[in-house]
Amino acid sequence: MKVAEEEAFASEKERIEAVGFIPKAEAAAFLLISTRTICRYKHDFKLVTKQVGREIHYSLLSLVMAVHKYKLPWSEKVYDRLLHSRKLPKMPVT
């Protein structure tokens, strides 16, 4: 059972990495918590962050890994919106 879950995650990992970093508000909505709480979770769950101006952006891959590792509640609706809202770079046609 665990092997099947790992294979499913491996196939989706590329799509998650393509999204990259998301703003703090979207990350908090994904984890079903407030924006202040996600700031505290940043160190507890070792979330990867990047500062853009005055705003902190969170890596979607590190959020998904924290959900799997610590069995955190998350919003499937927000997750789908994040995966489908980002425009993936087009590959050059050769």
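Here, every reference points to the structure presented above.
As a convention, each chain's residues are numbered from 1 in the sequence order in which they are written. With pLDDT at 70 or above as the cut-off, local features in this predicted model cover only qualifying residues; side-chain atom pairs require 80 or more to be listed or tallied, and sums for whole chains, interfaces and linings still use all residues. Side-chain measures here rest on the full set of heavy atoms in the structure, leaving out hydrogens and waters.

## Concerning the sheet that holds strand β2 (residues 49-52)
Here three strands make up an open sheet; going across it, the order is β1-β3-β2 and the pairing antiparallel. In the strand order of this sheet, the two ends are held by β1 (21-23) and β2, each with one partner. The mean inter-strand angle of the sheet, taken between neighbouring strand axes irrespective of direction, is 35°. Residue contacts are counted whenever heavy atoms from the two residues lie within 4.5 Å of one another. Axis geometry follows a simple rule: fit a line to the C-alpha atoms, using only the stretch in contact for helices, then measure angles between N-to-C directions, giving values from 0 to 180 degrees. Each helix is a run of H or I in the DSSP string that is no shorter than four residues. Each strand is a run of E no shorter than two, and both are numbered from the N terminus. Sitting on the sheet, helix α4 (residues 60-70) is in contact with β1 and β3 (55-59), with an inclination near 60° to β3. Two strands are said to pair when DSSP picks up at least two bridges between them.

## Some details on the layout of surface pockets
Taken as a whole, the largest pocket encloses approximately 610 Å³ of empty space. Points on a 1 Å grid, built from protein atoms alone, make a cavity when a 1.4 Å probe fits but cannot get out and make a pocket when they are open with protein on both sides within 12 Å along at least 5 of 7 lines; residues with an atom within 4 Å of a point are the lining residues. Lining the largest pocket are 21 residues, with Phe9, Val64, Met65, His68 and Lys69 sitting closest to its centre. Contributing elements (two or more residues each) for the lining of the largest pocket: α1 (2-19) and α4. Here the element with the most residues in the lining of the largest pocket is α4; it accounts for eight residues. Among the residues making up the lining of the largest pocket, the classes are represented as 12 nonpolar, two polar and seven charged. Grid points are joined across faces, edges and corners, and a volume is the space filled by probe spheres set on the points. Gly counts as polar in this scheme, as do all residues outside two lists: the nonpolar Ala, Val, Leu, Ile, Met, Phe, Trp, Tyr, Cys and Pro, and the charged Asp, Glu, Lys and Arg.

## Structural notes on the packing of aromatic side chains
Any two rings among Phe, Tyr and Trp, with Trp reduced to its six-membered ring, count as a pair given centres within 6.5 Å; such a pair is stacked if its planes are under 30 degrees apart, edge-to-face if over 60, and tilted if neither. Counted by the stated rule, this structure contains five aromatic pairs. A ring pair is formed by Phe45 and Tyr70, whose centres lie 4.6 Å apart and whose planes are at 40°; its orientation type is tilted. Here Phe45 is found in the loop between α3 (35-44) and β2, whereas its partner Tyr70 is found in helix α4, with 25 residues between them in sequence. According to the relative accessible area criterion, Phe45 is buried, its value standing at 17%. Relative accessible area serves as the criterion here: at 34%, Tyr70 is assigned to the partly exposed category. Partly exposed residues are those whose accessible area sits between 20% and 50% of the maximum for their type, while under 20% is buried and over 50% is exposed, using a 1.4 Å probe and protein chains only.

## Quick notes on the nonpolar core
Nonpolar cores are built from buried Ala, Val, Leu, Ile, Met, Phe, Trp, Tyr and Cys residues. Side-chain atoms within 4.5 Å join them into one set. Formed by 22 residues in total, the largest nonpolar core has its most connected members in Phe30, Ile38, Leu60 and Leu63. Going through the elements one at a time, α1, α2 (24-31), α4 and α5 (76-85) are the ones with two or more residues in this core. Broken down by element, this core gets its largest block of residues, six residues, from α4. Other than its neighbours up to four places away in sequence, Phe30 contacts Leu63, Val64, Val67, Pro73, Trp74, Ser75, Val78 and Tyr79.

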